[in-house]
Amino acid sequence: MLASPSSPSSSCASLSSNFPPALYSSANAFTGFIPMGLKLSRKVTGAPICRVFSRKIKDRSTLSVTCRRAHERVIEEEASSMADTTKQSFKVSSGEISPLGVSQIDNGINFSLFSQNASSVTLCLSLPQSDKDDDGMIELVLDPCKNKTGDIWHICVEDLPLKNVLYGYHVDGPGEWKQGHRFDRSILLLDPYAKLVKGRSLFGDSSQKFTHFYGTFDFENSPFNWGDDYKFPNIPEKDLVIYEMNVRAFTADESSGTDPSIAGSYLGVIEKIPHLLELGINAVELLPVFEFDELELQRRPNPRDHMVNTWGYSTVNFFAPMSRYASGEGDPIKASKEFKEMVKALHSAGIEVILDVVYNHTNEADDKYPYTTSFRGIDNKIYYMLDPNNQLLNFSGCGNTLNCNHPVVMELILDSLRHWVTEYHVDGFRFDLASVLCRETDGSPLNAPPLIRAIAKDSVLSRCKIIAEPWDCGGLYLVGKFPNWDRWAEWNGMYRDDVRKFIKGDSGMKGSFATRVSGSSDLYQVNQRKPYHSVNFIIAHDGFTLRDLVTYNFKHNEANGEGGNDGCNDNYSWNCGFEGETGDAHIKSLRARQMKNFHLALMISQGTPMMLMGDEYGHTRHGNNNSYGHDNGLNNFQWKELESKKQNHFRFFSEVIKFRHSHHVLKHENFLSKGEITWHEDNWDNPESKFLAFTLHDGVSGRDIYVAFNAHDYFVKALIPLPPPGKQWFRVADTNLESPNDFVKEGVAGVAETYNVAPFSAILLESK
């Protein structure tokens, strides 16, 4: 008969009859090991049961091995299971405080967790042969007197399998929300330092939307073989051409022709490296590849519950690669290995790997609709920024804001970055909403943020490119002013806006356009900063694609479920005379020309150019400028479209990129001096002047480059300057011409003293 809840001692003592007598030396003491093969199951009973056992082991911690009270739950013995598994056992000891997370030490597997405000911590384990649900986990309660040092809770478990063990924590503490705590002992929590995460098996499978995220590990397999001839590309920043891309969307579409088992995976990227080489880029910037929650929008009824977060800005864990980007079903060990295979293959092709990292918020949402999976339940007051009323601050626009400059969180971020560099060999990072990383723990801006400085000065990260998105959703706009220690580059949002405005023909933009294409010295010529610290872009993942930029005046986001209210309204776009797709030949020709104008401007600008996946063939999202939630053709690369554009649009884009690579005057190390550029302009003060021409001088070989942009709606007869002595001008590019004449890499001779530059077009001449 089960004891009542009010008699815990009787309850615990009575449990001895439920276990083989040989396992006990007394009613309340183990003989030194924990039996395997105990299955927890639900049965209809009238009283709860409390499973609390304590034991003392010489030279070891006093622990409690417990599972929480659960109504209608009993312990069963299964004879066949016990026969197979009771030979296995494991012992526990106090463990070590570092490193945080899981590590293999001499006497077992060490688990270490930070929580300053927790009052109790329970380690939960699911072994490979056990059920993978919360009810079937072995629970080890850590003794705060023996298993806690400072704010670190730790335990060593011996004789565990070296792989495929799932683990998590139950953490309890003060229950007062008004004090900033969000403890809930009933929730199984993911270790913030888990290096591998087991979650859903299939990407976007709604039937798995409430699946737990577990930590796991692999200490059995040999380290990844990078190869004897392996080396990092080590491309100088001034030579980079960045391609922003989404791993899944790159090959998820059937038109990719990849085997269904690798479509949308890390291995799928490897299959398409020849395309990247043909295009000419030498760095990929991957949208988030940390384990993320793609079904965050489907946990409750809401206007967006039809969407799947395919962009990945919903981080679950900062150390583990996205498991559902592995081939086949989502396996964390396979994901880790295949991510490394992808990096190795890209490096072998001379392509660097930059990760878009999201350290500004997590998947755990807000206080109205919380989704506690890790940080919130482990120590909310440490991991998140709180207002004076201990409510979550929201500078990310996603409900919570990571407390980045708290020493504990700062170290977590640094450990995460180092892990991706040492374990996965990545070459750099683009920090999403990086202005969040410049805020004090109370949210106030910092002039010298400790985290930003630490990243810039860290020895492990010294070879990495570090790029800030220098704004956040709280209005902290730091373009040109991001704390940098002469290391940080920035997404140059002013470049995007000014170039868009000039190319589409806005008045008064010529001077700003000239400043942007010459390196944005007004923003970056400070201290030891360089032109390449400006990451120039016209298009990025959020906002219009390049084709939509010249096709729509207004966003068309109805498919997102928010009545078209989401997404940016300031797109600086021009539909060339008709909203949306049209069969009008004149409008279609103008749009094609404008796309070439934008691309040419990007690739001849001083600084680091970045383009978006799909713009090389003219991908459309049909006017949706916030397509994060569409796991379909709206985001997926359309390989048949690429094939149809190979001989015209794609050819132009590829040739312009390769031209940039082969001409050092387009990628100066330092800001341009008077002798390195000549502006052919005496009409700077006229706001209606929309024609700009200049010559970049090559003082070494005399291969000068003349460029002219005409944003007027009429022809401009440009006076062509004299070429260097002994040279003549060759026409390389004229965006008004049809392919293949729009770009001739060897150049076309016979350029006269004047050149009629067509409306909304650009030309590039080279002296030879």
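Residues numbered from 1 in each chain as written. Predicted model: local features only at pLDDT ≥ 70, side-chain atom pairs only at ≥ 80, totals over all residues. Heavy atoms only, no water.

### Here's the deal with helix α11 (residues 510-517)
Note the cut-off: Think of it in three bands: residues with accessible area under 20% of the maximum for their type are buried, residues over 50% are exposed, and the middle band is partly exposed, with areas taken using a 1.4 Å probe on protein chains only. Helix numbers and strand numbers start at the N terminus; a helix is a DSSP run of H or I with at least 4 residues, a strand a run of E with at least 2. This arc is built from the directions going out from the helix axis to the C-beta atoms. In this description, contact between two residues means that some pair of their heavy atoms is separated by no more than 4.5 Å.
Considered for burial, the residues of α11 that qualify are Lys 510, Phe 513, Ala 514, Arg 516 and Val 517. The arc that holds every buried residue of α11, seen down its axis, measures 165°, which confines them to one face. Taken together, the buried residues of α11 touch α10 (493-503), α12 (521-524), α14 (585-604), β25 (677-679), β26 (691-696) and β27 (705-710). Trailing α11 by a residue or two, Gly 519 shows a phi angle of about 115°, which is positive.

### Let's talk about the pairing of β27
Convention followed: Pairing between strands is defined by DSSP: at least two bridges between them are needed.
Of all six residues in β27, six are buried, a share of seventy percent or more. Neither face of β27 is open: one carries Ile 705, Val 707 and Phe 709, the other Tyr 706, Ala 708 and Asn 710, and all of them are buried. Across six bridges, β26 lies against β27 in antiparallel orientation. Within β27, the position partnered with Phe 694 by the bridge is Val 707. In this sheet, strand β32 (residues 761-767) lies alongside β27 in antiparallel orientation, the contact comprising six bridges. Its bridge partner being in β32, Phe 709 is matched across the sheet by Ala 762.

### Quick word on the layout of surface pockets
Quick reminder of the rule: A pocket, in this scheme, is an open set of points on a 1 Å grid over the protein atoms alone with protein on both sides within 12 Å along at least 5 of 7 lines, while a cavity is a set where a 1.4 Å probe fits but cannot get out; residues line either one if an atom lies within 4 Å of a point. Grid points are joined across faces, edges and corners, and a volume is the space filled by probe spheres set on the points. Under the convention adopted here, Pro, Cys and the residues Ala, Val, Leu, Ile, Met, Phe, Trp and Tyr are nonpolar, Asp, Glu, Lys and Arg are charged, and Gly plus all remaining residues are polar.
Looking at the second largest pocket, its volume works out to about 960 Å³. Of all elements in the fold, only β8 (101-105), α6 (332-348) and α8 (407-422) reach the threshold of two or more residues within the lining of the second largest pocket. Tallied by class, residues from the lining of the second largest pocket come to 22 nonpolar, eight polar and nine charged.

### Here we look at the side chain of Ser 255
Put simply, the rule reads: Within 3.5 Å is the distance limit for a polar contact, defined as a pair of N or O atoms, with the added protein rule that one can donate a hydrogen and the other accept it, and that residues adjacent in sequence qualify only through two side-chain atoms.
Following the sequence through the fold, Ser 255 ends up in the loop between α3 (247-251) and α4 (266-271). The class for Ser 255 is buried, based on a relative accessible area of 19%. In this structure the side chain of Ser 255 is engaged in a polar contact, spanning 2.6 Å, whose partner is the side chain of Asp 253. Ignoring sequence-local partners within four residues, the contact set of Ser 255 consists of Phe 637, Gln 638, Trp 639 and Lys 640.

### Description of the sheet that holds strand β20 (residues 428-431)
Quick reminder of the rule: The axes are straight lines fitted to the C-alpha atoms, using for helices just the contacting stretch, and the angles between their N-to-C directions are given from 0 to 180°.
The strand order β17-β18-β19-β20-β21-β22-β23-β24 describes a closed barrel built from eight strands, whose pairing is parallel. Averaged over all pairs of adjacent strands, the angle between strand axes in this sheet comes to 25°, irrespective of strand direction. Sheet topology places β20 next to strand β21 (residues 465-468); four bridges connect them, and they run parallel. Paired with Arg 430 across the bridge in β21 is Ile 467. Where α6 meets the sheet, its contacts fall on β18 (283-286) and β19 (352-357), and the angle it forms with β19 comes to roughly 135°.

### Re the environment of Glu 254
You can see Glu 254 is positioned in the loop between α3 and α4. Residue class for Glu 254 comes out exposed when judged on its relative accessible area of 76%. For Glu 254 and Gly 633, which are 379 residues apart along the polypeptide, the C-alpha to C-alpha distance reads 9.9 Å.

### Section: the sheet that holds strand β30 (residues 743-748)
Spatially, β25-β26-β27-β32-β29-β30 is the arrangement adopted by the six strands of the open sheet, whose pairing is antiparallel. One side of each edge strand has no neighbouring strand; the edge strands of this open sheet are β25 and β30. In this sheet, neighbouring strand axes are inclined to one another by 15° on average, regardless of whether the strands run parallel or antiparallel. The strands touched by helix α16 (residues 649-661) are β27, β29 (729-734), β30 and β32; relative to β30, the strand with the most contacts, the crossing angle is about 55°.

### Concerning the nonpolar core
Short version of the rule: Joining through side-chain atoms within 4.5 Å is the link that ties buried Ala, Val, Leu, Ile, Met, Phe, Trp, Tyr and Cys residues into a set, and such a set is a nonpolar core.
Core analysis: the biggest nonpolar cluster contains 187 residues, and Phe 111, Tyr 243, Leu 355, Phe 429 and Phe 431 have the highest contact counts within it. Top contributing element to this core by residue count: α14, with nine residues. Residue contacts for Phe 429: discarding those within four places in its chain leaves Ile 354, Leu 355, Val 357, Leu 417, Trp 420, Val 421, Leu 461, Cys 464, Lys 465, Ile 466 and Ile 467. Core analysis: the next-biggest nonpolar cluster, separate from the first, contains twelve residues, Ala 693, Tyr 706, Val 716 and Trp 729 among them.

Treat this as a map of the structure, not an account of what it does.
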